[in-house]
Every structure is written in structure tokens, then in C-alpha cells.
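Residue-level structure breakdown
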Amino acid sequence: MTASVLETHAVARSFGALTAVMDVDFRLQAGARHALIGPNGAGKTTFINLLSGALRPTAGRVLLKGRDITTVAEARRVKLGIARTFQINRLFRGLTVLENVCIAVAERAGDAGDILRPMGAHRAVIDEALATLATLNLKADADRRISELPYGRQRLVEIAIALGLQPEVLLLDEPAAGVASAEIHTVLDAIAGLPGHVAVLIIEHDMDVVFRFAERITVMVGGKVFAEGTPKEIAADPEVRAVYLGQTSHG
């Protein structure tokens, strides 16, 4: 079995009397293409927040490559190799695509405090940012402001920023949310082409996206892991179909 890069042991999170995540054991394998699905209120985003460090668990442990990072802050987890995109994008809309990615690359390289110098003084940062944009077919948009881009391409810039951090784990929170149907294929193609060594965990409600992307799927219901398996196993599971997939057929 492939080694796990990120895992949780009996992780839980409560907000007062409400338990949003309950005793979740989870393994994300190195290089995985893993989807996390479930109905609204299942605890998916809370669980992602526990992985990224945006929240600390009430109980349980989070491990990155065997190291206990349960109490490690979110910013430090980024440095350790966990990057995340958000359901609602958080881009600098007044800056160009290239500038947005350069900021991420410079932050990772420890040059962020010097980023306001003329951009020509950061040739290595620029070259790396351009190479990252090229992997997502965004190089032609490098000099365009974020505010000028269709929303689907803005989501790709988010992914480029995450890749600029050189993560080992990439957490994608609904990358197709708000994207026009005509643009979804662009996002899907980009996700499909992500570097093979990066373990990707995606939260997504669009089942077409999930079944195209995932090699393994975890279903959460009521804050707990309800089922886990390959896409075929999940699609064929009558209990999963009853609580979440309905009668939609996925081959």
C-alpha cells in the first residue's frame, strides 16, 4: 500500500454542544486523487479546516508524513507542504495573474518581505511563477488583472497560487463552485493535469467532477465517515445512494 502523507486518528471538533466532526480516521496517500463528498452539514469543510490548521481539533490527532501536526498553526503547515484553495476565491483582484502567483512563490522562498522591489529584481521568482502558469495553460493571461478574467480562469489562478507553494498536499474546496458550465471543462482539465507527486483532496458537490477526478472517495454524513472506496464501489453502494447520490448513475 502506498504510504500516507496526511492522516487523522479519531479526530473530532465540537462547537459548544454541536459536534461537527466525530472520531474521523482518514488516510490520504502520497500522490492520491481523493474526493470528500456528503450532504450539506456533513462536516466536510470543518474537516478540511482541521487538516489545514484553520481549526484545531477538540480531540484526536493530525499527522503529516508521520509527524504530529495537531497543534501546528496554519501558516506553518503551509511551509510544511499543505496548501489549500477556498470555496470562494481570495485573489488580489487589482493585481495581475502573474503578480498573484509571484507573491505565493516569494512567500515560500522567504522573499515576500522584499516583493515590493521592482519585479525585474525577482527573476527567479518570476520564472517559477511563469512555469507554474504554463502548467495550467494560464501563461497567456499572465499580465491580465484578476478582475478581467472569467470566473473559471480565476479558479485556475487559485490553483496556480497553491502550486506556487510547492505543496505535497493540495486541498481543493469546491473548485467548480460558481464556474459557468461552459468553463467547467477548463477547471477539470487543470485538475486532471496536476503534478502526480502532489496528493490532492477535493471537496465537490458536482458528481460529474468527482467521478471524473477521484480514484478514491470518502463519504461523510453527520460528521462521521459513512463510506469509503473506489468510485465504482461508492456509486454501487445502496446506502450511499440512499443518503446522498440518490438514483444518479455513474459508471
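Note that this is a predicted model, so its numbers are computed, not measured.

Mapped onto the elements, A32 comes out in the loop between β2 (18-29) and β3 (33-37). Along the primary structure A32 and R216 are separated by 184 residues, whereas in three dimensions their C-alpha atoms are 8.0 Å apart. The residues touching A32, leaving out its near neighbours within four places in the chain, are V198, A199 and V200.

Our focus in this paragraph is helix α6 (residues 184-192). Where α6 is concerned, the buried positions are I184, V187, L188, A190 and I191. Along the long axis of α6, the arc covered by the buried residues comes to 160°, so they all point the same way.

Below, the discussion takes up the sheet that holds β2. Read from one edge to the other, the open sheet built from four strands follows the order β2-β1-β4-β5, with strand pairing classed as antiparallel. If you trace the sheet from one side to the other, it starts and ends with β2 and β5 (67-68), each paired once. Bridge count between strand β1 (residues 4-15) and β2: eight bridges; the pairing is antiparallel. Each bridged residue has a counterpart across the sheet, and for E7 the counterpart in β2 is R27. Here helix α1 (residues 44-52) sits on the sheet in contact with β1, β2 and β4 (59-64), set at roughly 120° to β1.

Reading the values: rules and limits
Residues numbered from 1 in each chain as written. Predicted model: local features only at pLDDT ≥ 70, side-chain atom pairs only at ≥ 80, totals over all residues. Heavy atoms only, no water. Helix = DSSP H or I, 4+ residues; strand = E, 2+ residues; numbered from the N terminus. Contact = heavy atoms within 4.5 Å. Buried < 20%, exposed > 50% of the residue type's maximum accessible area, 1.4 Å probe, protein only. Arc of directions from axis to C-beta. Pairing = 2+ DSSP bridges. Axes fitted to C-alpha atoms, helices over the stretch in contact; angles between N-to-C directions.

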